Amino acid sequence: MAIRLPIQFAERMKKMLGDEYELFVKSYDSAPHAGIRVNTLKIDPASFAEISPFPLKPIPWCETGYYIPAGSKPGLTPYYHAGLYYVQEPSAMAPVELLKAQPGDHVLDLCAAPGGKSTQIAADLKGRGILVTNDISTDRTKALAKNIEMYGVRNAVVLNESPERIADAFPHYFDKILIDAPCSGEGMFRKDEDMIRQWDHHSIERCVLMQRDILDTAARLLAPGGRLVYSTCTFAPEENEAMIGEFLLKNSSFRVVPIQHVSGISGGHPEWIEQAAAVHEFEGLQVEPVLQEEHPDLYAQLQGTGRLWPHLVEGEGHFVAVLQHDGTPLNEPADQPLYVHNTAEKEASHGRNALKKKQKHNVKHGGAKQRNRSDQMPVDAETVFREFVTEQLNVQLPGQTVLYGEKVYQTPVEPERLAGLRVIRAGWFMGSVKNGRFMPSQALASALNAEEAIRSVQLTVERGEAIKYLKGETLEIGEDRLVRSGTASSKGYTLVTVNGYSVGWAKWQEGRLKNEYPAGWRWTSV
């Protein structure tokens, strides 16, 4: 075996797995499996199969997930930049499938970066409902926001907050909550050997304390009758069955929804909790054993949680538990569902500025401290934005318009709820108003269909022009290739598509397509 597993980890796994241990260890001789998930906000799986750059093999537990051959380099195709698929470890697709988000739901992805599961939830919502996606790490929210934008999500708010602060702002608000909890990462040893080196630092004891707090806070966020899915990428029972058992002992209004008839997902092992409790007895970490004779119902519930094993499925190690609230009325008042919500984005002051509650013509203006700024928001910013929408788009914008500094959003959450929170994206980022002009954002382009822009141009993969555009090059494009609505002129912002799927903006003028693709998004391969 090329991978050297930590001795303490190997000894514990041998006790847990018994006769299965040899098969488990042998799985580390195999390469990790590569997967992609089709983004149904932009394309259906059947249509993607017709244009896929690589062979596809279905992943049993995810209808939109596919294995791809090793060495496929899925990040180096124009369709990746068009947001047609997300590159994702196959086992990591299971938790969202079990969350079962439906259009219209209020959904929270509490530990979301880099955003794979959030984009999966967004696809299930189909543009309806509210997705609040959060990560406590400021650096990781950069990738989270970019992925939300690249995959064309129109109804998401991106936060950089602690669970406790979100619970204060959203008490019992969400129909569905996903906790992809920070964990010791044992299930990723084969995929990322650096996780082995970090294992001692990401100790089980440290992770258990974080997980316990996150689960307790999530109970304050879930609406009566809601569903909570808890997942990890570790094998440690302290972080899995023991964590769920402890939560259920404290929260009698929740029950485990047994994971049944899902190909490749094995049952939970509550009997391992007692072993873990004995190990930690003298380490200062309390692990509550769940004995079958003392808690027969709870023991049976924990058997209904799920595990994905690298020696039993084509994927890495994961644990998942589905918890359903019984709908019992809460002691504290729950939020009433709202039809329209609004918020604002983090600016130089990290978003901890109360939003000004002035409103004009259904447009809200958020206030933020400005640093080193000579230009201020023009008085006619609303007019400038609305003129762009009227003249350049054929789309019914969702939610309400919020002006925050120079930035314009269509947002699904009311600003009062998020006042004082660190908000990275207030909703669908439309663009910025500067010097009396509106400049559309990459996020706007990524979420539009070709017919929603009055002016578009289709680039092809076969000619190589799509890659040239993605590299930031200016292209020679004849006027006859522009697709225009009605009497729209040829000059102006043009939505660029790759074989019909949006990738960004350009400006056409006199046979030249001036590239507006952001430098940070560009194709960097030779």
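Keep in mind that this is a model prediction, so the values were computed, not measured. Each chain carries its own residue numbering, running from 1 in the written order of its sequence. Residue-level local features of this predicted model are given only where pLDDT is at least 70; pairs of side-chain atoms are given and counted only at 80 or more, and the full residue set underlies all totals for whole chains, interfaces and linings. Side-chain calculation: all heavy atoms of the structure are included, whereas hydrogens and water are not.

**Student:** Can you help me understand the overall build of the protein in this one?
**Tutor:** Numbered from the N terminus, helices here are DSSP runs of H or I no shorter than four residues, and strands are runs of E no shorter than two. Scanning the protein for helices and strands turns up 17 helices and 26 strands. Per-residue accessibility, obtained with a 1.4 Å probe over protein chains only, is compared with the maximum for each type, and a residue is labelled buried under 20%, exposed over 50%, and partly exposed between these values. Here the protein holds 526 residues, and 57% of them are scored as buried. Any two residues whose heavy atoms approach within 4.5 Å at even a single point are treated as in contact. Sequence-distant contacts, at least 24 apart, represent 74% of the contacts inside the protein between residues at least 6 apart. Per-residue and other accessible areas follow the Shrake-Rupley method at a 1.4 Å probe size, with only the shown protein chains counted as cover for residues. Surface exposure of the protein reaches about 22,800 Å², of which carbon and sulfur atoms provide 48%.

**Student:** Which parts of the structure should I look at to understand the nonpolar core?
**Tutor:** A general tendency of soluble globular proteins is for nonpolar side chains to be buried together. The term nonpolar core refers to a set of buried residues drawn from Ala, Val, Leu, Ile, Met, Phe, Trp, Tyr and Cys, joined through side-chain atoms within 4.5 Å. F170, I179, L221, L228, Y230 and I244 are the most contacted members of the largest nonpolar core, which has 48 residues in total. If one sorts the elements of this core by residue count, helix α10 (residues 204–221) sits on top with seven residues. Setting aside its immediate chain neighbours within four residues, Y230 contacts I179, A181, Q211, L215, E239, M243, I244, F319, V320 and A321.

**Student:** Quick question: what am I supposed to make of the side chain of E452 here?
**Tutor:** Inspection of the secondary structure puts E452 in the loop between α16 (442–447) and β21 (455–459). Between N or O atoms, a polar contact is any pair within 3.5 Å; within protein, one atom must be a potential hydrogen donor and the other a potential acceptor, and residues adjacent in sequence are included only when both atoms are from side chains. Among the polar contacts made by the side chain of E452, one reaches the side chain of R154 at a distance of 2.7 Å. Only 2.9 Å separates the side chain of E452 from the backbone nitrogen of N449, close enough to count as a polar contact. With near-sequence residues (within four places) excluded, E452 lies in contact with R154, Q392, L393, N394, V395 and A447.

**Student:** For this particular structure, what's the right way to read a negative patch on the surface?
**Tutor:** Two distance rules govern patches: like charges are joined within 9 Å, and nonpolar side chains (Val, Leu, Ile, Met, Phe, Trp, Tyr) within 5 Å, applied only to residues with over 30% relative accessible area and no salt bridge. For this document, the term salt bridge refers to a Lys or Arg side-chain nitrogen within 4 Å of an Asp or Glu carboxyl oxygen. Counting rule for charge: Lys and Arg are taken as positive, Asp and Glu as negative, and neither His nor the chain ends is counted. All charge positions are set by atom: Lys at NZ, Arg at CZ, Asp at CG, Glu at CD. A cluster of like negative charges, contributed by E274, E288, E293 and E294, occupies part of the molecular surface. Following the sequence through the fold, E293 ends up in the loop between α12 (271–280) and α13 (296–303). For E293, a relative accessible area of 64% corresponds to the exposed category.

**Student:** Would you explain unusual backbone geometry in this entry?
**Tutor:** Excluding glycine, a negative phi dihedral is what most residues carry, and trans is how most peptide bonds are arranged. The omega torsion of the bond from A113 to P114 falls at 10 degrees, within 30 degrees of zero and hence cis. The topology assignment puts P114 in the loop between β5 (106–109) and α6 (116–125). One non-glycine residue with positive phi stands out, namely H172, at about 50 degrees. Assignment of secondary structure puts H172 in the loop between α8 (163–169) and β8 (174–180).

**Student:** What is the right way to look at the confidence of the model for the protein in this model?
**Tutor:** Detailed reading of the predicted model is not advised wherever pLDDT is low. Taken as a whole, the protein shows an average pLDDT of 88; of its residues, 89% reach a score of 70 or greater. On a scale of 0 to 100, pLDDT captures the predictor's confidence in every residue. Contacts for the low-pLDDT stretch residues 336–362, under 50 throughout, to residues beyond four places or in other chains number 90 contacts. Ignoring residues within four places in sequence, the model shows residues 366–378, a span with pLDDT below 50, making 27 contacts including any to other chains.

**Student:** Where do I start with the sheet that holds strand β26 (residues 512–515) in this structure?
**Tutor:** In space, the six strands of this open sheet follow the order β22-β26-β25-β24-β21-β23, with mixed pairing throughout. The open sheet has two edge strands, β22 (475–476) and β23 (482–484), and neither has a second partner. Two strands qualify as a pair provided that DSSP identifies no fewer than 2 bridges between them.

**Student:** Where do I start with the packing of aromatic side chains in this structure?
**Tutor:** How two aromatic rings sit relative to each other is given by the distance of their centres and the angle of their planes. The criterion for an aromatic pair is that two Phe, Tyr or Trp rings (for Trp, the six-membered ring) have centres within 6.5 Å, with stacked assigned to planes under 30 degrees apart, edge-to-face to planes over 60 apart and tilted to the rest. Tallied over the entire structure, the rule returns 25 aromatic pairs. Ring plane angle 80 degrees and centroid distance 5.4 Å describe the contact between F24 and Y28, whose orientation is recorded as edge-to-face. Relative accessible area serves as the criterion here: at 0%, F24 is assigned to the buried category. With 5.0 Å between their ring centres and 80 degrees between their planes, Y173 and F174 make a pair best called edge-to-face. Taken individually, Y173 and F174 each receive the classification buried, so the pair is uniform in this respect.

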